[in-house]
Structures are given as structure tokens and as C-alpha cells.
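Structural description and commentary
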Amino acid sequence: MARQGVFGRAEEVAFLEEVRRWRQQCFLVLTWAKPQGPLYNATSKVIEAIGDVAEVVIGDRRTFYQRDAITPGEALPPVKWRRVE
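Before going into details, it helps to say that this report is about the structure given with it. Predicted model, so just to flag it, every value in this text is computed and none were measured.

Conventions and cut-offs
- Residues numbered from 1 in each chain as written.
- Predicted model: local features only at pLDDT ≥ 70, side-chain atom pairs only at ≥ 80, totals over all residues.
- Heavy atoms only, no water.
- Helix = DSSP H or I, 4+ residues; strand = E, 2+ residues; numbered from the N terminus.
- Expected span 1.5 Å × (residues − 1).
- Contact = heavy atoms within 4.5 Å.
- Salt bridge = Lys/Arg side-chain N within 4 Å of Asp/Glu carboxyl O.
- Buried < 20%, exposed > 50% of the residue type's maximum accessible area, 1.4 Å probe, protein only.

Focus on helix α1 (residues 9-32)
What sets the pattern is the α-helix's 3.6 residues per turn: residues three or four places apart point alike. Its 24 residues give α1 an end-to-end C-alpha distance of 36 Å, which sits within 8% of 34 Å, the value for a rise of 1.5 Å per residue. Buried-residue contacts for α1 involve α2 (38-58).

Set out below in C-alpha cells:
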């Protein structure tokens, strides 16, 4: 059952996937936009708004943040090294 004013689970997943794609595109724009120029500032605001959307939809604005790298543990297969001579 969908909560009033909030997406159902399938709609939420589809919506967040689309928002994630928009966020990625915004970061691409930031790589070539003039720093602190009008396009850069507007795109930064869009990225901030996407965080706001994530907070409203699922309660966590950090949903799209990059995860910390993890080191291989015992549960992960061993890394195969090769010598380069």
C-alpha cells in the first residue's frame, strides 16, 4: 500500500534511477563548465535539489553519494597478482 504523498516501491525505484542518471549528467557538465560561472552554479543547484528529492522520497539525502572503498576481506576471492618483468 502506498503512503499518501509518497511513491510506491516500484515507482520509487524507477524514479530514483532516473534521478541518479540526471545527477551523473550534472557532474559531467561540471567537468567542463566554467568554475563559478552561471552554468556551473545552476548545475550545482540541480545536484543539491536531487539530494533534497532523495531525502523526501527515501529519507536519506546521501543515497547517491559515492560509497567508501572497501578492502578485500575473507569473504572476497583472493586477488591474483602477476609479475611484470
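Concerning α2
With 21 residues, α2 ought to run about 30 Å at 1.5 Å a step, and its terminal C-alpha atoms sit 30 Å apart, in line with that. Where α2 is buried, its residues contact α1. One or two steps after α2, the chain reaches Gly59, where phi turns positive at roughly 85 degrees.

Examining the pattern of salt bridges
All chains considered together, the criterion is met by three salt bridges. Arg21 is paired through a salt bridge with Glu17; the nearest N and O atoms lie 3.4 Å apart. Here Glu17 and Arg21 lie together in helix α1, a separation of four residues that amounts to about one turn. The class for Arg21 is partly exposed, based on a relative accessible area of 39%.

Focus on the side chain of Thr43
Within the secondary structure, Thr43 sits in helix α2. Aside from chain neighbours lying at most four places away, what touches Thr43 is Cys26, Val29 and Leu30.

Looking at the environment of Glu55
Inspection of the secondary structure puts Glu55 in helix α2. The contacts of Glu55, once residues within four sequence positions are left out, are Asp60 and Arg61.

Examining the environment of Val19
Here Val19 shows up in helix α1. With a relative accessible area of 10%, Val19 lands in the buried category. When residues no more than four places from it in sequence are discounted, the contact partners of Val19 are Ile50 and Phe64.

Worth remembering: the numbers are spatial, not functional.
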